Amino acid sequence: MSRPVFGITTPLYYTNGKPHIGHTYSTCIVDTLSRYHRQKGEEVWFITGADEHGQKIANTAKKHGKTPQAWCDEIVDYTRELWDLFGMTYDRYVRTTEPEHYKDVQQVVGLLKSKGDIFSGSYEGWYSVSEERFVPESEKETVEASNGTADLVWTSEETFYFRMSAYRQALIDLYTKEPERIRPESRRNEILARLQSDELRDLSITRTSIEWGIPLNDLAPGHVCYVWIDALLGYATATGYRTDQGEFDRIWPHIVHLIGKDILWFHTVIMPSVLLAAGIPLTTGVVAHGFWIKDDQKISKSKGNMIFVEPFIEEFGPDPFRYYLLRDSSLGSDGAFSDDAFIHRVNSDLANDLGNALHRSLSMLGRYREGIVPARPAVEGDPAVADLRALVARIVPASDEELEEFRLQSALELLWEVVRGINKYIDSRAPWALSKKGLDAELDQTLYDMLDALRLTAIALSPYIPNLAQAMWTQLGLEGKASDRPRSEAHTLGLLPAGTVTKIGEPIVPRIDEALYFERLSGGSPLVTTPESVPATSSAPSAAKKKTAGEKGEIQYDDFGKLDLRVAEVMTAERVEGADKLLKLSVSLGAEQRIIVSGIAEHYTPESLVGRKIVVLANLAPRKLRGVESQGMLLATTTAEGKVIVLSPEQDAPAGSPVS
Ligand code: MSP
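All of the points below concern the structure found in this document. (Residues numbered from 1 in each chain as written. Predicted model: local features only at pLDDT ≥ 70, side-chain atom pairs only at ≥ 80, totals over all residues. Heavy atoms only, no water.)

### A closer look at the nonpolar core
Line of reasoning, step 1. Phe321, Phe337, Leu354, Trp416, Tyr464 and Ile465 are the most contacted members of the largest nonpolar core, which totals 105 residues.
Line of reasoning, step 2. Excluding residues within four positions of it along the chain, tryptophan 416 makes contact with Tyr323, Asp349, Leu350, Asp353, Leu354, Leu461 and Ile465.
Line of reasoning, step 3. The next biggest cluster of nonpolar side chains, apart from the first, holds 67 residues, and it includes Leu171, Ala220, Val224 and Ile263. (Core = buried A, V, L, I, M, F, W, Y, C linked by side-chain atoms within 4.5 Å. Buried < 20%, exposed > 50% of the residue type's maximum accessible area, 1.4 Å probe, protein only. Contact = heavy atoms within 4.5 Å.)

See the structure below:
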């Protein structure tokens, strides 16, 4: 029986700061799956939203001099604007501060209480503010090591408990009989092993010492419910629990939760126990992805090693970053973020393979047929024609099967076989040679096949990189939107109408200039930002759109004090092999020598720099550029004409002199 609805959720993100790479990753996966299932003609319910209560958020709001609600409103506005820039197609953005959600939580807590599954008690122990949960003594050390000692607060207060222990066996039975409820399999095994090896503790679900939560009124006077019970029921609010029973019954059982592995326990143990206790049907299950990591650590707010996505969007538009996230990590495993890998994906896959296939095809159509798609004569003989057809027939469905199973990386890998297949077809059919020989029918067939395969590729890729797919579609001269075409059209050759007038434009993905990338985006870097330097105020959302390279937020004296700026003398200078723009300088800082690689080779000859005094940032983390480690950065400015000028002290100053 086919399911009536494809329901899928992202986690409801905390509103203690603006979204970063991790949140973007989860949301891009869900958006891709939603777009794909819509193309298949299914009714899709894509739910995302905000988890707004708890001590952590109240503390952050206070730090910024705002009420929790005002703070959350700003973060939510910011997040939605960011998702708009990506073109995320969510159907429902749910907020845990919605009045209807309060009623939902109160209703469920009431149900649990009436069944005797909630009882009052007291709690004494450690509370992790960043994870918003009570931490048993056995986990104290691990939590401390990962979040710092200040994160754990000794707490002693009255609380209501949910009798979660009663559901241990039911959960073990559930995941034994229905293993596909937790994917990938390794995560199911992890949960099952934990349930089997340990008792399941009752869960403290209310607090009296914080106000920023959902009041439980007569159910538990003076207590608020927050975080887990509250947030997990956000999914129910989003599907009409209590407000539209018919819709809820229709949609809820078909919901899949896409989450990061950090919140697996909450979704696979706490949520189902609450649902079982309240007599609410279970959702379909959970798919857990790994983390984006940097320097072997999870990228997160608490670690202060965030990578924000706005600079990538500003420089390259949303799709290159989205493509990188989806293509460079396998769903179950962790992915290590690297600038080099990002540049490689964009230049090699998007600019070279995909962009070139489109641009050269359209150029040739322009040259040989005035940009108008010819009818396709069937000329047998060349195996390349059959090969392309066979490739499309085999690979596109295989890629879709991977996507159905949440393996987005291999789905994309397969689609790139098609992209490369198109380039191979062009090379092997060599339209320029067919034209020279006057083989008109063969030339028409070849031009048609190239463009038709690109049409199909644009449809196939539109869930993953919707904006680029649409740019392809438009240049191919096709009407409407690639993403509105039924998925079956991505499996079928021959649907490109003869007579289509194509509209060749700029290459859809410009190559990234490596030197410029590192100068503009990394190193110093707007990409990797400490929490303090991230503005998360009402002005932040528009800043995400309007910011240019020259506009930076205000900083404090302390921030400036972190920079070790010094006068340096250039001792030697040479070009970096294989990089037109890079110079390798060996500079003296008085007591020590440094190597600095800089993208100034088009503006300075190596000789002109030797002996010059310049200003360098000496305590910048080292970074490899084309295999050479750069141990600092020289300061330079760029004129309106694009000329780079290296800064020097106006009078002679000894190498090593501090600059302040
Ligand atoms: N509010 C809870 C979720 C409640 S769901 C009802 C929460 N929010 S969160 O803002 O911390 O977001 C956590 C989610 O963000 C993770 O599960 C994951 O989906 C995503 N990521 C955050 N950091 C991440 C990485 N470094 N890498 C990949 N995704 C991670 O937990």
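### Considering the pairing of strand E1 (residues 5–14)
Line of reasoning, step 1. Counting buried positions along E1 yields nine of ten residues, so the element is predominantly enclosed.
Line of reasoning, step 2. Sheet topology note: the E1/strand E2 (residues 43–51) ladder contains eight bridges and is parallel. Within E2, the position partnered with valine 5 by the bridge is glutamate 43.
Line of reasoning, step 3. Handedness of the β-α-β unit built from E1, helix H1 (residues 21–39) and E2 comes out right-handed.
Line of reasoning, step 4. Where E1 meets strand E12 (residues 255–260), three bridges bridge the pair, whose relative direction is parallel. Looking across to E12, one finds that glycine 7 is bridged to isoleucine 255. (Helix = DSSP H or I, 4+ residues; strand = E, 2+ residues; numbered from the N terminus. Pairing = 2+ DSSP bridges. Right-handed = clockwise from strand over helix to strand, strands pointing away.)

### Brief notes about empty space enclosed by the protein
Line of reasoning, step 1. This structure, assessed with the given rule, holds six cavities of 30 Å³ or more.
Line of reasoning, step 2. When its volume is computed, the largest cavity comes out at roughly 100 Å³.
Line of reasoning, step 3. Within the residue set of the lining of the largest cavity, elements represented by two or more residues are helix H6 (168–177), helix H11 (264–278) and strand E13 (285–289).
Line of reasoning, step 4. The residue makeup of the lining of the largest cavity, split by class, is eight nonpolar, four polar and one charged.
Line of reasoning, step 5. Roughly 70 Å³ of volume is contained in the second largest cavity.
Line of reasoning, step 6. The wall of the second largest cavity is formed by 14 residues, among which Tyr13, Tyr14, Pro19, Ile75 and Thr79 lie closest to the centre.
Line of reasoning, step 7. Only E1, E2 and helix H3 (68–86) provide two or more residues apiece to the lining of the second largest cavity.
Line of reasoning, step 8. At three residues, the largest contribution of residues to the lining of the second largest cavity is made by H3.
Line of reasoning, step 9. For the lining of the second largest cavity, a count of residues per class yields seven nonpolar, five polar and two charged. (1 Å grid on protein atoms, 1.4 Å probe; cavity = no way out; pocket = protein on both sides within 12 Å on 5 of 7 lines; lining within 4 Å. Points joined across faces, edges and corners; volume = space filled by probe spheres on them. Nonpolar A, V, L, I, M, F, W, Y, C, P; charged D, E, K, R; others polar.)

### Thoughts on the packing of helix H7 (residues 185–197) against H11
Line of reasoning, step 1. At their nearest, the axes of H7 and H11 sit 11 Å apart, and the two run at 55° to each other. In terms of orientation, H7 lies oblique with respect to H11. Along this stretch, H7 crosses H11, giving a crossing that reads as right-handed. In this structure, H7 uses Arg187, Glu190, Ile191, Arg194 and Leu195 to contact H11, whose residues at the interface are Leu264, Trp265, Thr268 and Val269.
Line of reasoning, step 2. Its residues assigned to classes, the contact of H7 with H11 shows five nonpolar, one polar and three charged. (Axes fitted to C-alpha atoms, helices over the stretch in contact; angles between N-to-C directions. Parallel < 35°, antiparallel > 145°, perpendicular 65-115°, else oblique. Left-handed = near helix turned anticlockwise from the far one by under 90°.)

### Let's talk about the packing of aromatic side chains
Line of reasoning, step 1. One pass over the full model with this rule turns up 24 aromatic pairs.
Line of reasoning, step 2. Ring geometry for tyrosine 13 and tryptophan 83: centres 6.4 Å apart, planes at 65°, overall edge-to-face. Separated by 70 residues along the polypeptide, tyrosine 13 in strand E1 and tryptophan 83 in helix H3 bring together distant segments of the chain. Comparing tyrosine 13 with tryptophan 83 shows no difference in burial state: the two are buried.
Line of reasoning, step 3. The interplanar angle of 20° and the centroid separation of 6.1 Å between the aromatic rings of phenylalanine 162 and tyrosine 167 together place this pair among those described as stacked.
Line of reasoning, step 4. For phenylalanine 162, a relative accessible area of 0% translates into the label buried.
Line of reasoning, step 5. Ring-pair connections join several aromatic residues into one group, and the members of that group are Tyr25, Trp292, Phe312, Phe316, Phe321, Tyr324, Phe337, Phe342 and Tyr517.
Line of reasoning, step 6. Just above the ring of tryptophan 265 sits the side chain of arginine 194; from NZ or CZ to the centre is 3.7 Å.
Line of reasoning, step 7. Lying over the aromatic face of phenylalanine 291, lysine 298 brings its terminal NZ or CZ to 4.5 Å of the ring centre. (Phe/Tyr/Trp six-rings, centres within 6.5 Å; stacked < 30°, edge-to-face > 60°. Lys NZ or Arg CZ within 6 Å of the ring centre and 35° of its normal.)

### Considerations on the pattern of salt bridges
Two side chains that carry opposite charge are able to pair once their charged atoms sit near each other.
Line of reasoning, step 1. Applying the stated criterion across every chain, the model contains 42 salt bridges.
Line of reasoning, step 2. Here aspartate 382 makes a salt bridge to arginine 429, at a shortest N to O gap of 3.0 Å. Here aspartate 382 is found in the loop between helix H14 (339–369) and helix H15 (383–404), whereas its partner arginine 429 is found in helix H16 (residues 408–429), with 47 residues between them in sequence.
Line of reasoning, step 3. For arginine 429, a relative accessible area of 7% puts it in the buried group.
Line of reasoning, step 4. As a salt-bridge pair, arginine 485 and glutamate 489 come within 2.9 Å of each other at their nearest N and O atoms.
Line of reasoning, step 5. Here the salt bridges share partners, and the residues they tie into one network are Glu100, Lys103, Asp104 and Arg242. (Salt bridge = Lys/Arg side-chain N within 4 Å of Asp/Glu carboxyl O.)

### Details of the sheet that holds strand E8 (residues 203–204)
Line of reasoning, step 1. Read from one edge of the open sheet, four strands run E5-E4-E6-E8, paired in antiparallel fashion. Unpaired on one side and paired on the other, strand E5 (133–135) and E8 mark the two borders of the sheet.
Line of reasoning, step 2. Note that strand E4 (residues 118–128) and E5 share three bridges and pair antiparallel. Directly across from tyrosine 127, in E5, lies its bridge partner phenylalanine 134.

### Things to note about H7
Line of reasoning, step 1. For H7, spanning 13 residues, the distance from its first C-alpha to its last is 18 Å, which sits close to the expected 18 Å at 1.5 Å a residue.
Line of reasoning, step 2. If you check which residues of H7 are buried, you get Arg187, Arg188, Ile191, Leu192 and Leu195. All buried residues of H7 lie within an arc of 130° about the axis, which places them on one face of the element. Opposite the packed face of H7, turned more than 90 degrees from it, sit the exposed residues Glu185 and Ser197.
Line of reasoning, step 3. Each element contacted by the buried residues of H7 is listed here: H6, strand E7 (182–183), H11 and E13. (Expected span 1.5 Å × (residues − 1). Arc of directions from axis to C-beta.)

### Details of the site of the ligand
Line of reasoning, step 1. Surrounding the ligand, one finds 23 residues, the nearest of these being Leu12, Ser26, Asp51, Trp292 and Ile299.
Line of reasoning, step 2. Within the backbone of leucine 12, an N or O atom sits 2.8 Å from a nitrogen atom of the ligand.
Line of reasoning, step 3. Aspartate 262 places a side-chain nitrogen or oxygen 2.9 Å from an oxygen atom of the ligand.
Line of reasoning, step 4. Looking at the shell around the ligand, the elements that each hand over two or more residues are E1, H1 and helix H8 (227–232).
Line of reasoning, step 5. The greatest single-element share of the shell around the ligand, amounting to four residues, is contributed by E1.
Line of reasoning, step 6. Among the residues making up the shell around the ligand, the classes are represented as twelve nonpolar, eight polar and three charged. (Near = heavy atom within 4 Å. Polar contact = N/O pair within 3.5 Å; in protein donor to acceptor, adjacent residues only side chain to side chain.)

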